[in-house]
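Summary of the model geometry
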Amino acid sequence: SLVKLLGPSDPTMAAALVIVVPHGGSLRPDYINDRKTNDPTYCPSGGCRVSADSYTKQIAEQIASKFIQNYCKVPYLIINELHRSKMDANREKEEAAFGNA
């Protein structure tokens, strides 16, 4: 799937914490157009980032694991599996998806 949703299987174990990973995915489906670094229509501020962030999924998973160990509660994780060249999930909709939203 393009987005991975993780959380507790038992609602009584749920923590009031949501960890979101907007970058770091590796999926590059052909049916989604690539974002370009220097497209003046969608990136007027001097360029868009299209490279993946390093280790964001791994860091989020480690934080969740440590949270469980320390508090005995399970946080929710939302992980964007799309590569940043396809979507930048923490940008305005037009810049995030280059008009493909």
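Just above sits the structure.
Let me begin by describing the structure that accompanies this report. (Residues numbered from 1 in each chain as written. Predicted model: local features only at pLDDT ≥ 70, side-chain atom pairs only at ≥ 80, totals over all residues. Heavy atoms only, no water.)

**Concerning the sheet that holds strand β1 (residues 3–6)**
Counted only if it meets this: For two strands to count as paired, DSSP must find a minimum of two bridges between them. Only DSSP runs of H or I covering at least 4 residues are called helices, and only runs of E covering at least 2 are called strands; the numbering of each starts at the N terminus. For every element, the axis is a line fit to its C-alpha atoms; helices are fit only across the contacting stretch, and the angle between N-to-C directions ranges from 0 to 180 degrees. Any two residues whose heavy atoms approach within 4.5 Å at even a single point are treated as in contact.
If you walk across this open sheet you meet the three strands as β1-β3-β2, and the pairing is mixed. The open sheet is flanked by β1 and β2 (14–21), the only strands paired with a single partner. Adjacent strand axes in the sheet meet at a mean angle of 10° when their direction is disregarded. Of the strand pairs in this sheet, β2 and strand β3 (residues 74–80) are connected by five bridges, and their pairing is parallel. Bridge pairing in β3 places valine 21 opposite isoleucine 79. Taken strand by strand, helix α1 (residues 56–71) contacts β2 and β3, and its axis lies near 170° from that of β3.

**Side note on the packing of aromatic side chains**
Threshold: In this scheme Phe, Tyr and Trp rings, the latter by its six-membered ring, pair at centre separations within 6.5 Å, and the angle between planes marks the pair as stacked below 30 degrees, edge-to-face above 60, and tilted otherwise. Each residue's exposure class comes from its accessible area (1.4 Å probe, protein chains only) as a fraction of the maximum for that residue type: buried when under 20%, exposed when over 50%, partly exposed otherwise.
A complete count under the given rule lists one aromatic pair for this structure. Centroid distance phenylalanine 67 to tyrosine 71: 4.8 Å. Interplanar angle 40°. Geometry classified as tilted. Placement of the pair is phenylalanine 67 and tyrosine 71 together in helix α1, with a separation of four residues, close to one helical turn. When its relative accessible area of 54% is taken as the criterion, tyrosine 71 is described as exposed.

**Quick word on unusual backbone geometry**
The residue tyrosine 55 is not glycine, and still its phi comes out positive at about 65°. Mapped onto the fold, tyrosine 55 is located in the loop between β2 and α1. You can call tyrosine 55 exposed: its relative accessible area is 57%. Unusually for a residue other than glycine, cysteine 72 sits at a positive phi of about 55°. Turning to its location among the elements, cysteine 72 is positioned in the loop between α1 and β3.

**Details of the nonpolar core**
For clarity, the threshold we go by: We call a set of buried residues a nonpolar core when its members are Ala, Val, Leu, Ile, Met, Phe, Trp, Tyr or Cys and they connect through side-chain atoms within 4.5 Å of each other.
Grouped together as the largest cluster of nonpolar side chains are six residues: Ile19, Val21, Ala60, Ala64, Leu77 and Ile79. For this core, the secondary-structure elements that each account for two or more residues are β2, α1 and β3. Non-local contacts of valine 21, meaning those with residues more than four positions away in its chain, are made with Thr56, Lys57, Ala60, Ile78, Ile79 and Asn80.

**Observations regarding α1**
To be explicit about the condition: Between the first and last residue of a helix there are one fewer steps than residues, each counted as 1.5 Å, and that sum is the expected span. Summarising the geometry, the arc corresponds to the directions from the helix axis toward the C-beta atoms.
Taking 1.5 Å per residue as the helical rise, α1 with its 16 residues ought to reach 22 Å, and the 22 Å between its terminal C-alpha atoms agrees with that figure. By the burial criterion, the buried members of α1 are Lys57, Ala60 and Ala64. Down the axis, α1 shows its buried residues gathered within 65° of arc, on one side only. Set apart from the buried face of α1 by more than 90 degrees, the exposed residues are Gln62, Gln69 and Asn70. Positioned one or two residues after α1, cysteine 72 has a phi angle of 55°, which is positive.

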